[in-house]
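Coordinates in review
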Amino acid sequence: MKTKDPVLKAMVLEFQKQRDYLNKERIETIYFGGGTPSLLEEHEIQLLLDAARENFEVSPTAEVTMECNPDDLNPTKLEELKRLGINRLSIGIQSFRDEDLKLMNRAHKANEATRCVREAQSAGFDNITIDLIYAIPNLSQEAWIKNVDQAIALGVQHVSSYCLTFEDGTAFGKWVNAGSMHQVEDDEASEQFLTLVERLHDAGIEQYEVSNFARKGYESKHNSAYWNNTTYLGIGPSAHSFNGNSRQWNVAHNVRYSKAFAEGLNWYEKEILTPAAQFNEYIMTGLRTVKGIDLGRIRDDFNIDLASANVELIQGMHDRKEVIFAGDQMSLTKKGLLRADAIASDFFIIES
Amino acid sequence: MKNTRNFCIIAHIDHGKSTLADRLLHKTGTISDRDLQEQTLDDMDIERERGITIKSHAIQMKHSADGEEYILNLIDTPGHVDFSYEVSRSIAACEGALLIVDASQGIEAQTISNLYLAIEHDLEIIPILNKMDLDSANPEEVTDQIVDLIGCSPDDVIPASGKTGMGVDEILHAIIHRIKAPVGDPNGQLQAMVFDSVYNSFRGIIAYYRIMNGRLKKGDRIKFINTEREYYADEIGVLGMGLIPRTMLEAGNVGYIITGVKDAKEIKVGDTLTLSNDPCKTAIKGFEDVKPMVFAGIYPVDTEEYEELRSSMEKLQLNDASLVFEPESSAALGFGFRCGFLGMLHMEIIQERLEREFAMTVITTVPNVSYKAYVKNGTMIELHNPSDMPNPSSMDYIEEPYIVAQIISKSEYVGAVMTLCIEKRGELKNQVYLTSNRVELTFEMPLGEVVFDFYDKLKTVSRGYASFDYFTADYRKSDLVKLDIMLNGDPVDALSALIHKDHAFDLGKRICLKLKQLIPRQQFMIALQASIGAKIIARETITAVRKDVTAKCYGGDISRKRKLLEKQKKGKKRMRQVGRIEVPQEAFLAVLKLND
Ligand SMILES: Nc1nc2c(ncn2[C@@H]2O[C@H](COP(=O)(O)OP(=O)(O)OP(=O)(O)O)[C@@H](O)[C@H]2O)c(=O)[nH]1
Ligand SMILES: [Mg+2]
């Protein structure tokens, strides 16, 4: 083994132990994410890619994404990533405004964000995704439009966009509770989101899931897997895996994770999914996508006729222009997508 | 029969009845070490969770003394005022009562009221000074209180502890020697009084009775005098830790009968059971009808479950003879039942039992007492529901029920107790020092002020050192107004309440605020208004949700999010559609939760 880092060592071991988890299926996507994988050195990334290829059959055309912070990227690093075979970059830009970045406690500056996208493009990356955050306090509608336009002007292929959330326990949550910060009103947040959808559409970047937008052919294979019930294996501390009827998640703590491997202990918790849970997950993730859910598949896999079991519900959604049908495919309109969670939960099966 | 003793255990709440029952069950070997737990007789889940007795519980014990074997039928009773009907029915099946007094608390309000019930029925009273193991026990003073109250000799008071087992032998001795054997003629015509019953989904209705005269054999053709229905006694027996079948029971004993009847309406607590071919001439005097103190509507959340709710309530009524109900309908909620309860705890327990034992999901509406509305033409209308209030223009005046409240408190809390009572529109009638530091206060107060949160508040202001009992007095003219709540301009009858004029503004405002917290945001804006007649006195708005979707949903988020949405859906199943608005179950009781 070529590394001294106990976490990486453990990850290599995890690859070996889990080599049968995906039933020998061919790997179509690899994703380096969570935390700051771009801090890894070249040989460390190589080590993990080798471990993947030694234990799995990785498709030569696989999508290989690396999550990066703008401040970790420079021409040398980008060249290195290119050499390693990374063919997609996910850059955590979040905003092109310094005041937003400061508020969200980001390490980079707005000009670094623009710079690193340009450098990545010069280094030959032609599949770049960036993320943009909306509903930031003091982010006016005009400033938001400028942010979106800047992303379009940079010519990225893919955008993910998230609403700033104020969860209890986070610093934001505390400020909101203490009254020193105001959460952006629902109406304003929706307005920003709809503006985003519209402007990206005009630029040829289409929404294909609640928070994901791409030029044709650049939809993330990796993200899509989560919403299509595809199986996946996560390697490393706090990584999640899914094999069709169970989910498991690794211990989150680096030291406990590597210790588990060193001592031969169990490193994950597992949850078996009942048929109802599988159904609910399919509805929940499926309705988030523009493609929607396949009623034929629901009949085959779950023996449920969704439309006739929810006549009133669907009628109401229809009246509110939240749903469209195309054959067996049921999907949400732009308006419906704004309420995708609430709508999904209405279709849920609840076991007592 | 001469070796049978029937007795109940009575006391103020929490003085240790059920714990002392454990000691008796253990001592007599009725229960094995393995089955013994704390308050074994509190076998309903709600009783165990809340740590209080709700139902009387009869159990038979065997005990040998002086070379003879005795049959002891014990009935443990609840102490909370709301369940005093359970106590009074138990008393009717007994010749003696163990009156338990907590040696650290002394005589409290229900000690007195339960004692009077027992004395009225000529029961032999065995006073017991319980919790003697506590450092705070005050045996001399409390013994004096007991002697004063029942006029016994200090030697008659048995010091005991349900914790250590102290005094248990003396108690058993007293039960055998001081309580009279039941009188009655085993050779006479069968006459048995039904004092309780329960619905069992496998076996049908099980009725509990005390035989006054005669014998009952398995297989007998029997008859209930009031309902005039006849059945075969498929199974009879006595109540041990469970049902113990017997082939014959005779006068003086307490037992059960199963006839296979499943329809709740066919059996009535208080009825007399006899033999078809040789019926007794007279029915035993049944129980007095209960007088409900509080009324509220109970509605199914799912309108299609109305009939199921009715049958569940009938079954529940078998086991809770103090529940009364009649059908009613509400513009907002459709068909349901107006129910009468003995108090707020009783109401809560009924709702909980309907949900647990019968899997019903129900809405309980704002409770109220009963009012008398006098119309200008001189007629009087008794109101059990604010929506039945006549048009104000045709009304002359309205009366509300008053009670006489007796509060016993440590003297240092008298000031706080008085302040509370006056806030609740009470009027002090009498103040007596029972001892140098115990005071009995007598107040006249509107029942409507007492049933809601008075009891809890009294406990708070007196740090648990005040107890309270009441009886209804009369109706008095009062300045009451009807407070209506409107959702998007439509009045919701189930949320209306009659309120004293002086409290109306404040309450209207607080109810609107509370509803704003309880009703989730929906796809449209909701206007909440409180009004008196045509006058709007408070308003709030719940803004519309436009967006209800979390941004991220990747690997690790999926199961967390699914669970969250599953929870949401479960919550929604407990909501009731009023017009277009989904109103959660608990919002209908918002008035009661203004202080939370
Ligand atoms: N120290 C001490 N605690 C006791 C004794 N008897 C009962 N307790 C405690 O007092 C509390 C009430 O006891 P219960 O036996 O449930 O009282 P109860 O009179 O049956 O109460 P209700 O049926 O609800 O009226 C419990 O926490 C018991 O553990 C005793 O002799 N000594
Ligand atoms: Mg008890």
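Residues numbered from 1 in each chain as written. Chains lettered and ligands numbered in written order. Predicted model: local features only at pLDDT ≥ 70, side-chain atom pairs only at ≥ 80, totals over all residues. Heavy atoms only, no water.

**Considerations on the side chain of A:Gln278**
Among the structural elements, A:Gln278 can be located in helix H11 (residues 275-286). A distance of 3.1 Å separates a polar side-chain atom of A:Gln278 from the backbone oxygen of A:Leu273. (Helix = DSSP H or I, 4+ residues; strand = E, 2+ residues; numbered from the N terminus. Polar contact = N/O pair within 3.5 Å; in protein donor to acceptor, adjacent residues only side chain to side chain.)

**Examining H11(A)**
All names here are of chain A. Over its 12 residues, H11 extends 16 Å from the first C-alpha to the last, a length consistent with the 16 Å expected when each residue adds 1.5 Å. For H11, a buried count of 11 out of 12 residues is recorded, marking the element as mostly surrounded by other parts of the structure. Among the residues making up H11, those that are buried are Ala 276, Ala 277, Gln 278, Phe 279, Asn 280, Glu 281, Tyr 282, Ile 283, Met 284, Thr 285 and Gly 286. (Expected span 1.5 Å × (residues − 1). Buried < 20%, exposed > 50% of the residue type's maximum accessible area, 1.4 Å probe, protein only.)

**Some remarks on the side chain of A:Glu271**
Relative to the assigned elements, A:Glu271 resides in strand S10 (residues 268-272). A distance of 3.3 Å separates polar atoms of two side chains, one belonging to A:Glu271 and the other to B:Lys563. Among all residues touching A:Glu271, those that are not within four sequence positions of it are A:Asn245, A:Ser246, A:Arg247, A:Trp249, B:Ser559, B:Arg562 and B:Lys563. (Contact = heavy atoms within 4.5 Å.)

**Looking at the site of ligand 1**
All names here are of chain B. Around ligand 1, 18 residues are found, and the nearest of them are Lys 17, Thr 19, Thr 53, Asp 133 and Gly 162. Between Asp 14 and ligand 1, the recorded distance is 3.2 Å, taken from a backbone N or O atom to an oxygen atom. A distance of 2.8 Å separates an oxygen atom of ligand 1 from a polar side-chain atom of Lys 17. When the free accessible area of ligand 1 is taken as 640 Å², the share hidden by the protein chains comes to 87%. Considering each element in turn, the shell around ligand 1 owes the most residues, three residues, to helix H1 (residues 17-27). By residue class, the composition of the shell around ligand 1 is three nonpolar, 10 polar and five charged. (Near = heavy atom within 4 Å. Areas by Shrake-Rupley, 256 points an atom, 1.4 Å probe, with all protein chains shown as cover. Nonpolar A, V, L, I, M, F, W, Y, C, P; charged D, E, K, R; others polar.)

**Details of the sheet that holds strand S17 (residues 294-300) of chain B**
Residue and element names in this part refer to chain B. Taken in spatial order, the four strands line up as S18-S19-S17-S20 in an open sheet, and their pairing is antiparallel. Since the sheet does not close on itself, it has two edges, and those belong to strand S18 (324-330) and strand S20 (362-364), each with one partner. Along the sheet, successive strands turn relative to each other by an average axial angle of 30 degrees, direction set aside. Examined bridge by bridge, S17 and strand S19 (residues 334-341) share five bridges and lie antiparallel to one another. The residue bridging Gly 297 from the neighbouring strand is Arg 338, located in S19. Lying over the sheet, helix H7 (residues 306-319) contacts S17, S18, S19 and S20, oriented at roughly 15 degrees with respect to S19. (Pairing = 2+ DSSP bridges. Axes fitted to C-alpha atoms, helices over the stretch in contact; angles between N-to-C directions.)

**Comments concerning the interface of chain A and chain B**
Listed by partner, the interface residues are 42 residues for chain A and 27 residues for chain B. Buried surface at the junction of chain A and chain B, summed over both partners, amounts to about 3,000 Å²; 55% is from carbon and sulfur atoms. The tally of links from chain A across to chain B stands at seven salt bridges. Its salt-bridge partner being B:Lys563, residue A:Glu271 comes within 3.3 Å of it at the nearest N-O pair. Inspection of the region where chain A meets chain B yields 18 residue pairs in polar contact (both at pLDDT 80 or more). Here the side of chain A that touches chain B is composed, by residue class, of 19 nonpolar, 10 polar and 13 charged. (Buried area = accessible area lost by both parts, 1.4 Å probe. Salt bridge = Lys/Arg side-chain N within 4 Å of Asp/Glu carboxyl O.)

**A few points about the coordination of the magnesium ion (ligand 2)**
Residues and elements named next belong to chain B. Coordination sphere of the magnesium ion (ligand 2), protein contribution only: Ser 18 (OG) and Thr 53 (OG1), at 2.0 Å. Of this pair, Ser 18 sits in helix H1 while Thr 53 is found in the loop between helix H2 (45-50) and strand S2 (57-65), placing the two residues 35 residues apart along the sequence. Accessibility assignment for this pair places Ser 18 and Thr 53 in one class, buried. (Donors = N, O, S within 2.8 Å, 3.2 Å for Na, K, Ca; no water.)

**Remarks on the packing of aromatic side chains**
For the structure shown, the criterion picks out 21 aromatic pairs over all chains. Through pairs of rings, three or more aromatic residues link up here, namely A:Tyr208, A:Tyr226, A:Trp227, A:Tyr232, A:Phe242 and B:Tyr554. Above the ring of B:Tyr397, the side-chain terminus of B:Lys477 is found at 4.5 Å from the ring centroid. Lying over the aromatic face of B:Phe524, B:Arg580 brings its terminal NZ or CZ to 4.0 Å of the ring centre. (Phe/Tyr/Trp six-rings, centres within 6.5 Å; stacked < 30°, edge-to-face > 60°. Lys NZ or Arg CZ within 6 Å of the ring centre and 35° of its normal.)

**Digging into the sheet that holds strand S13 (residues 329-332) of chain A**
All names here are of chain A. Judged by pairing direction, the sheet is antiparallel, and its three strands sit side by side in the order S11-S13-S12 without closing on themselves. What marks the edges here is a single partner per strand, and that holds for strand S11 (293-294) and strand S12 (323-326). Bridging between S12 and S13 involves four bridges; their strand directions are antiparallel. Residue Phe 325 lies in a different strand from S13, and its bridge partner there is Met 330.

**Here's the deal with the pattern of salt bridges**
Applying the stated rule across the entire model yields 56 salt bridges over all chains. Salt-bridge contacts for A:Glu28 lead to A:Arg26; the nearest nitrogen and oxygen are separated by 3.8 Å. B:Asp484 is paired through a salt bridge with B:Lys482; the nearest N and O atoms lie 3.4 Å apart. With a relative accessible area of 22%, B:Lys482 lands in the partly exposed category. Counted as one network, the salt bridges with shared partners bring together A:Arg247, A:Glu271, A:Glu281, B:Arg562, B:Lys563 and B:Glu566.

**What to know about the environment of A:Asp71**
All names here are of chain A. Here Asp 71 shows up in the loop between strand S2 (58-68) and helix H3 (75-84). By relative accessible area, which is 33% here, Asp 71 ends up partly exposed. Placed 145 residues apart in sequence, Asp 71 and Lys 216 show a C-alpha to C-alpha distance of 29 Å. If sequence neighbours within four positions are ignored, Asp 71 has contacts with Ala 107, His 108 and Glu 112.

**Let's talk about the nonpolar core**
Membership of the largest hydrophobic core comes to 112 residues, with the highest contact counts inside it found for A:Leu89, A:Ile130, A:Ile298 and A:Leu306. Apart from residues lying up to four places away in sequence, A:Leu306 is in contact with A:Phe279, A:Ile283, A:Ile293, A:Leu295, A:Ile298, A:Ile314, A:Met330 and A:Phe347. Core analysis: the next-biggest nonpolar cluster, separate from the first, contains 59 residues, B:Tyr306, B:Met313, B:Cys421 and B:Leu441 among them. (Core = buried A, V, L, I, M, F, W, Y, C linked by side-chain atoms within 4.5 Å.)

**Thoughts on the domain arrangement of chain B**
Residue and element names in this part refer to chain B. According to the domain assignment, chain B consists of domain 1 (4-178), domain 2 (191-275), domain 3 (294-366), domain 4 (372-478) and domain 5 (483-593). Here domain 3 and domain 5 have C-alpha centroids that lie 22 Å from each other. With 19 residues of domain 3 at the contact, the number on the domain 5 side is 17 residues. Counting each side, the surface lost to burial between domain 3 and domain 5 is near 1,300 Å², with a carbon and sulfur contribution of 62%. Considering only the side of domain 3, the residues that lose the most area to domain 5 are Val 301, Ala 332 and Val 366, jointly responsible for 40% of the buried surface there. (Domains from an automatic or database assignment.)

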